[in-house]
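# Close look at the chain arrangement
Residues per chain, in single letters:
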Amino acid sequence: MINVIGLGPGNTDYITRLGEKLIKNSDVVIGGRRNLESIKDFEGEKIELASNLKEIVDYINNNKDKQISVIASGDPLMYGIGRYLSKNIDTNKLNIVSGISSLQYIFSKIYVDMNDLYITSSHGKVPDFDYVLSHKKVCMVTDKIIGPKEICKEIIKRNLDKTVVVGENLSYENERITIGKPEEILKVENFDMCVVVILEGGDCI
Ligand SMILES: C[S@@+](CC[C@H](N)C(=O)[O-])C[C@H]1O[C@@H](n2cnc3c(N)ncnc32)[C@H](O)[C@@H]1O
């Protein structure tokens, strides 16, 4: 069985007990650098996952005798490796263990429910902002090219009344949550790894 385990937003306190147990019992753990760094106590083989997805699938298919776990940040099926693996590995042999997504985590911090939430990403693409901003409640995982400031500029361009929440380094010691109107967010010098929540109106938090 191949496990695909969501580690939660980053701080190891958010890993599920099942995920922890499966990792401990693995021969091999495959994951991105940040994720491998968070399983310091694991003594088996570690393989770094970067843009080598095809090689990783070949490795998994050629090592069926090994207990292999692929670890992913947040939830593997929320803009993570879960989709690719479930399309490229026999699902009878795949055990996906959900984790707490960075998207879920930010909502717990701002006391806003996730009902009717539109979830999207700016990773490697230019989002259709007319469509994205037509929703009353949006959460977006971002990359270095389209982040909080670019999103705020799109809101201002359309003269929309929105409140923006930027959750950086969530669950880590340097976590920072910034809430403001787009004009205020634009004044912040720099944002680190973050998710962005866009809410309708002014006093919505
Ligand atoms: C490839 S996506 C993976 C999302 C992940 N599967 C999840 O459920 O959180 C990576 C993006 O998720 C967001 N992200 C993941 N962990 C984060 C954290 N601890 N703090 C802020 N944003 C985070 C950032 O937007 C980052 O660029």
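Residues numbered from 1 in each chain as written. Predicted model: local features only at pLDDT ≥ 70, side-chain atom pairs only at ≥ 80, totals over all residues. Heavy atoms only, no water.

The chain carries the name Precorrin-6y C5,15-methyltransferase in an unreviewed UniProt entry, which gives Romboutsia hominis as its organism. In UniProt, the chain has this text filed under Pathway (unreviewed entry): "Cofactor biosynthesis; adenosylcobalamin biosynthesis." (UniProt positions renumbered as here; feature names shortened; annotations may be inferred.)

Here we take up empty space enclosed by the protein. Any space left empty among the atoms is revealed by the rolling of a water-sized probe across them. Evaluated as defined, the whole model comprises one cavity of 30 Å³ or more. By volume, the largest cavity amounts to about 40 Å³. Lining the largest cavity are Leu 7, Gly 8, Pro 9, Gly 10, Ile 15, Arg 34, Asn 35, Ser 38, Ser 73 and Tyr 172. (1 Å grid on protein atoms, 1.4 Å probe; cavity = no way out; pocket = protein on both sides within 12 Å on 5 of 7 lines; lining within 4 Å. Points joined across faces, edges and corners; volume = space filled by probe spheres on them.)

If you check the domain split of the chain, you get domain 1 (2-100) and domain 2 (103-200). Summarising the inter-unit geometry, the C-alpha centres of domain 1 and domain 2 are found 27 Å apart. Listed per partner, the contact involves nine residues of domain 1 and eleven residues of domain 2. Both sides of the domain 1 and domain 2 interface together cover about 890 Å² of buried area, and 65% of this is carbon and sulfur. Summed over the shared surface of domain 1 and domain 2, the number is zero salt bridges. Within the side of domain 1 that touches domain 2, the residues separate by chemical class into five nonpolar, three polar and one charged. (Domains from an automatic or database assignment. Contact = heavy atoms within 4.5 Å. Buried area = accessible area lost by both parts, 1.4 Å probe. Salt bridge = Lys/Arg side-chain N within 4 Å of Asp/Glu carboxyl O. Nonpolar A, V, L, I, M, F, W, Y, C, P; charged D, E, K, R; others polar.)

Right, let's get into the sheet that holds strand S3 (residues 45-48). Sheet strands line up and pair through hydrogen bonds in the backbone, either parallel or antiparallel. Read from one edge to the other, the open sheet built from five strands follows the order S3-S2-S4-S1-S5, with strand pairing classed as parallel. Every interior strand has two partners, whereas the edge strands, S3 and strand S5 (94-97), have only one. Averaged over all adjacent pairs, the angle separating strand axes in this sheet is 20°, with direction ignored. (Pairing = 2+ DSSP bridges. Helix = DSSP H or I, 4+ residues; strand = E, 2+ residues; numbered from the N terminus. Axes fitted to C-alpha atoms, helices over the stretch in contact; angles between N-to-C directions.)

The environment of the ligand is made up of 19 residues, and the closest members are Met 78, Ser 101, Ser 102, Thr 142 and Cys 194. Within the side chain of Arg 34, a nitrogen or oxygen atom sits 3.3 Å from a nitrogen atom of the ligand. Asp 75 has a polar backbone atom sitting 2.9 Å from an oxygen atom of the ligand. When isolated, the ligand has an accessible area of 570 Å², and the protein chains bury 89% of it. (Near = heavy atom within 4 Å. Polar contact = N/O pair within 3.5 Å; in protein donor to acceptor, adjacent residues only side chain to side chain. Areas by Shrake-Rupley, 256 points an atom, 1.4 Å probe, with all protein chains shown as cover.)

Here we take up the pairing of strand S4 (residues 68-72). Of all five residues making up S4, five are buried, and the element is well covered by its neighbours. Burial along S4 is two-sided: the face carrying Ile 68, Val 70 and Ala 72 and the face carrying Ser 69 and Ile 71 are both buried. In the sheet, strand S1 (residues 2-6) pairs with S4 via five bridges, with the strands oriented parallel. From the neighbouring strand, Gly 6 faces S4, where its bridge partner is Ala 72. Pairing of strand S2 (residues 28-31) with S4 involves four bridges; the strand directions are parallel. Paired with Val 28 across the two strands is Ile 68, which belongs to S4. (Buried < 20%, exposed > 50% of the residue type's maximum accessible area, 1.4 Å probe, protein only.)

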